[in-house]
Amino acid sequence: MMASACIICLQCTSTVDLYQLPFPNKNHITQTASLSDPHSLSLLLKSCTTIRSLSQATQLHAHLLKLGISSDPYIQNSLIQAYSACDSLALAHQLFDQMPQRTVVSWNCMMAGYSNHGHWKELYSLFLQMMHESSVKPNSVTLVRALTACVKLGDFDTGWMIHRFIKDDFREMPLNLANALLNMYAKSGEMEFAQRFFDNMTEKDVISWTTMISGFAKSGNMAFGRMVFNHMPERTTVSWNAMLSGYIENGLFEDGVSLFLEMVGASEKPDKVTFLNVLALCVRLEHLYMGRSIHGYMHKIGIEPRVNLINSLIEMYIKCGDMQCAKCLFERMSEKNEASWTSMMVGYVKCGCMDRAMKLFNEMPERDVVSWNAIIASHAQKGYPHEALDLFNKMLCSDVSPDGVTLVSALSACGKLGALEQGMWIHALILRNNIERDVHLGTSLVDMYAKCGCIELALGAFHNMPSKDLYAWSTMIQGLAMNGNGENALELLKMMENEGQLPDDVVFLSVLTACSHAGLVQEGRHCFDLMKHYGLCPKAEHYTCMVDLLARNGLLDEAKEFIEKMSLTGEAEWRAVLGACRAHGDVALAEYAAQRVIEIDPYNSGAYILLSNLYAEERRWDDVANVRKVMRDRGVQKIPGCSWTVVNGFLQLFMAGVNSFEDVSS
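Residues numbered from 1 in each chain as written. Predicted model: local features only at pLDDT ≥ 70, side-chain atom pairs only at ≥ 80, totals over all residues. Heavy atoms only, no water.

K.L.:
Looking at this model, I keep getting lost on the side chain of asparagine 77. Mind explaining?
P.N.:
Along the chain, asparagine 77 falls in helix α4 (residues 73-85). Of note is the side chain of asparagine 77, whose polar atom sits 2.8 Å from the side chain of serine 106. With residues near it in sequence (within four places) discarded, asparagine 77 still touches Met99, Thr103, Val105, Ser106 and Cys109. (Helix = DSSP H or I, 4+ residues; strand = E, 2+ residues; numbered from the N terminus. Polar contact = N/O pair within 3.5 Å; in protein donor to acceptor, adjacent residues only side chain to side chain. Contact = heavy atoms within 4.5 Å.)

What follows is the structure, encoded as structure tokens:
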């Protein structure tokens, strides 16, 4: 129910200016205004609806009150339409509530107002009120709108009830109502029922066939969608667009390109929606030549590119690596919106031009939350977490409020910087403003606390998440591994299995890492074997982790045998053995492992340094000198060490061989 509003009265209006209404014949207005015929006066109300003038509608309402015919049902229905068209649904509903007699047209007029403004909950409530409180039976127009509301709200159970009502009260189902039912079943995913319903329809039009195509596309069955498309007696551009969208949604990009070429060959003129779809295909395929061809074809057939189409062209050029064309299009745009500026900004970030991206951001006439999110996320993801937090703080001082996406980026930056205080402040902001903690935001909190070393707070955030996906479980287990909590990581893996969430290879990598850091050899072996139970094939990272687990715990010969048995060829496994050899003083195996590493990567300074240090500990100075000589002869240089520390709330980097922080930052 909309909020109540004052219905127009004679005391608060002036005389209606009929000559401002869009009638071609002003004499007709004068004649009509002098009459009290409801039908003639309803024409004036329709004019108010056409020009969407609330002031004219209210003045005309006052004129009708003065004539004493405002209670006529025909007039009242016209008034409801006029107020709805003028965005005054509260006045329309109040007038509807005060009607002494409502016909099915009255109900339909009020529902149309809600439908046109996308107020599906109000439309749904009005329909239920009609069914329970009114003696007026709905007609096909009413039921079409009710079914549309059910689809928009996802209330398919009510849609089934409406179908049963239609079966009882309609001998012959009108085509518009049949199409609405078909759409409801297709959107609900009941494609088998939709197919049977479609087959039994006595009459079908292009909408019926296209609905089936969209339904199969949504369910991921493009083979059946194509079959329906092939059997269509008549195709429109909308039908072709439905097939194109289906191919894009299901990742069948090459099939989408073939369909577009087929469309052009069939002399079917593409529209703007077609080109939006085809440009999306170019973006997915990163096919610059095709994108340029599409751009030229648009000019050839006279498609006038509006702002959304130009934005798609800009996105295509950026994704395909042609920033120059994107820049030219952007600069020539007579009208730009936030999406135009944001696309260019993200494009500059993608090609590493952070200064240009910031310059563009500062020049934006208006910034919405999407623009702020793009610039903050770009800095956080490109290795500029400090700048990302600075931008986040500036956003808080602007008139744009952060959303969940903003906070995910800010928390990511906090985790990378170890900025615990700022992360806790963001957590408090979420709680204070009752921001919905979806799985992405909840996982970001877990990740931030884990990276800041606050594993208890990370566990608290994890257990308070209303829902968890695979990434959330993986992040928590990885956090436990990072903080050396191997046993807790194993317990979480069991809890994950008990809750029916199947682990993936990333989860097992985190668990193996946790076992390695905690020295849990038997448990690590069990987890490695458990991967096969879930149908997962270990990757190079898992093998490396197992080698590290064995080597760390002094099982050097077993680690060597594991590498050779598995025929592993990566240098990471031998490097793990080499590092452990120094800890356990096994010079012979260290020499063997170092040789394997150097064979794979002759310029790996770490292998030379580890072997040199091991020789030094054994006081084999001639061997130390030989290693250093080989490094000099091959031009292998040691990577300088570095350390990080927080000074006055800022993360500072210090590198070996550099005298001051200023030298590093420059």
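Having seen the model, we can carry on.
K.L.:
Help me understand the nonpolar core, please; the structure alone is not making it clear to me.
P.N.:
Soluble globular proteins: nonpolar side chains tend toward being buried together. Ranked by size, the top nonpolar core spans 190 residues in total, and within it Ile294, Ile314, Met344 and Met476 carry the most contacts. For this core, the leading source of residues is helix α10 (residues 175-187), giving nine residues. (Core = buried A, V, L, I, M, F, W, Y, C linked by side-chain atoms within 4.5 Å. Buried < 20%, exposed > 50% of the residue type's maximum accessible area, 1.4 Å probe, protein only.)

K.L.:
I tried to follow the confidence of the model for the chain on my own but got confused; where do I start?
P.N.:
For residues with low pLDDT, the predicted coordinates do not support detailed interpretation. On average, residues of the chain score 83 in pLDDT, and 84% of them reach the 70 mark or higher. Mean pLDDT across the elements of the chain ranges from a minimum in helix α38 (residues 661-665), with 40, to a maximum in helix α14 (residues 237-249), with 95. Contacts from residues 1-35, a stretch scored under 50 in pLDDT, to residues over four places away or in other chains number 69 contacts. A low-confidence stretch, residues 660-666 stays under pLDDT 50, and its non-local contacts, those more than four residues away or across chains, total seven contacts. (pLDDT = per-residue confidence, 0-100.)

K.L.:
Looking at this structure, I do not really get the side chain of serine 340. What am I missing?
P.N.:
Here serine 340 lies in helix α20 (residues 338-350). Apart from residues lying up to four places away in sequence, serine 340 is in contact with Val307, Asn311, Phe330 and Met333.

K.L.:
In this structure, what is going on with the packing of aromatic side chains? I would like to understand it.
P.N.:
Each aromatic ring pair is summarised here by two numbers: the centre-to-centre distance and the angle between the ring planes. Under the definition given, this model contains 18 aromatic pairs. Consider the rings of phenylalanine 361 and tryptophan 372, whose centres lie 4.9 Å apart with planes at 80°: the pair is edge-to-face. With phenylalanine 361 in helix α21 (residues 354-363) and tryptophan 372 in helix α22 (residues 369-381), the pair connects residues that are eleven residues apart, well separated along the chain. Comparing phenylalanine 361 with tryptophan 372, the two get one shared label, buried. Arranged with centres 6.1 Å apart and planes meeting at 50°, the rings of tyrosine 543 and phenylalanine 562 form a pair that is tilted. Remark: phenylalanine 562 occurs in helix α33 (residues 556-565) and tyrosine 543 occurs in helix α32 (residues 540-552); sequence separation between them is 19 residues. The class for tyrosine 543 is buried, based on a relative accessible area of 17%. Overall, phenylalanine 562 belongs to the buried group, its relative accessible area being 13%. Three or more aromatic residues joined by ring pairs make a cluster, and in this case those are Trp160, Tyr185, Phe193 and Phe197. The ring of phenylalanine 96 carries arginine 102 above its face, with NZ or CZ at 4.3 Å from the centroid. Here arginine 367 stacks its cationic end above the ring of phenylalanine 361, 4.3 Å away from the centre of that ring. (Phe/Tyr/Trp six-rings, centres within 6.5 Å; stacked < 30°, edge-to-face > 60°. Lys NZ or Arg CZ within 6 Å of the ring centre and 35° of its normal.)

K.L.:
Would you mind showing me how to read the pattern of salt bridges here?
P.N.:
Opposite charge on two side chains lets them pair, provided their charged atoms get close. Across all of its chains, the model carries nine salt bridges by this definition. Between glutamate 286 and lysine 319 there is a salt bridge, with the nearest N and O atoms lying 4.0 Å from each other. Of this pair, glutamate 286 sits in the loop between α16 (272-285) and α17 (288-300) while lysine 319 sits in helix α18 (residues 307-319), placing them 33 residues apart in sequence. Given a relative accessible area of 48%, glutamate 286 falls into the partly exposed group. When its relative accessible area of 34% is taken as the criterion, lysine 319 is described as partly exposed. (Salt bridge = Lys/Arg side-chain N within 4 Å of Asp/Glu carboxyl O.)

K.L.:
Is there a simple way to explain the packing of helix α15 (residues 253-265) against α16 in this structure?
P.N.:
Each pair of packed helices gets described by two things: the angle between the helix axes and the distance between those axes. Packing of α15 against α16 leaves a shortest axis separation of 10 Å and a crossing angle of 140°. Handedness of the α15/α16 crossing: left-handed. On the side of α15, the interface is formed by Phe253, Glu254, Gly256, Val257, Phe260 and Met263, while α16 contributes Thr274, Phe275, Val278, Leu281, Arg284 and Leu285. Of the residues in the contact of α15 with α16, the class split is eight nonpolar, two polar and two charged. (Axes fitted to C-alpha atoms, helices over the stretch in contact; angles between N-to-C directions. Left-handed = near helix turned anticlockwise from the far one by under 90°. Nonpolar A, V, L, I, M, F, W, Y, C, P; charged D, E, K, R; others polar.)

K.L.:
Looking at this structure, how should I read the environment of methionine 354?
P.N.:
Note that methionine 354 resides in helix α21. Considered as a pair, methionine 354 and tyrosine 384 are 30 residues apart in the sequence and their alpha carbons are 9.9 Å apart. Leave out the neighbours within four places in its chain, and methionine 354 touches Tyr348, Val349, His379 and Tyr384.

K.L.:
So what exactly am I meant to see when it comes to unusual backbone geometry here?
P.N.:
Note: most peptide bonds trans; most residues except glycine with negative phi. Even without being a glycine, serine 267 presents a positive backbone phi close to 60°. Backbone geometry at asparagine 434 places phi at a positive 50°, although glycine is not the residue there. Within the secondary structure, asparagine 434 sits in the loop between α25 (420-432) and α26 (439-451).

K.L.:
Is there a simple way to think about helix α12 (residues 206-218) in this case?
P.N.:
Since the α-helix turns once every 3.6 residues, residues separated by three or four places project in the same direction. Across its 13 residues, α12 extends 18 Å between first and last C-alpha, which sits within 8% of the 18 Å expected from 1.5 Å per residue. Taken together, the buried residues of α12 touch α10, α11 (191-200), α13 (222-230) and α14. At the C-terminal side of α12, glycine 220 shows a positive phi close to 85°. (Expected span 1.5 Å × (residues − 1).)

K.L.:
I'm lost on the environment of aspartate 438 in this one. Help?
P.N.:
Within the element layout of this structure, aspartate 438 appears in the loop between α25 and α26. Spatially, the C-alpha atoms of aspartate 438 and glycine 404 are 8.2 Å apart, while their sequence positions differ by 34 residues. One polar contact links the side chain of aspartate 438 to the main-chain amide nitrogen of leucine 441, over a distance of 2.9 Å.

K.L.:
What exactly am I supposed to notice about helix α29 (residues 486-498) here?
P.N.:
Here α29 is 13 residues long and its end C-alpha atoms lie 19 Å apart, about the 18 Å a rise of 1.5 Å per residue gives. Among all positions of α29, only Gly486, Ala489, Leu490, Leu492, Leu493 and Met496 are buried. Taken down its axis, α29 places every buried residue within 160° of arc, on the same side. Residues of α29 that are exposed and angled more than 90 degrees away from the buried face: Glu487, Glu491, Lys494 and Asn498. Looking at the buried side of α29, the elements it contacts are α27 (455-463), α28 (470-482), α30 (505-518) and α31 (521-533). Just downstream of α29, glycine 500 is the residue with a positive phi angle, here 80°. (Arc of directions from axis to C-beta.)

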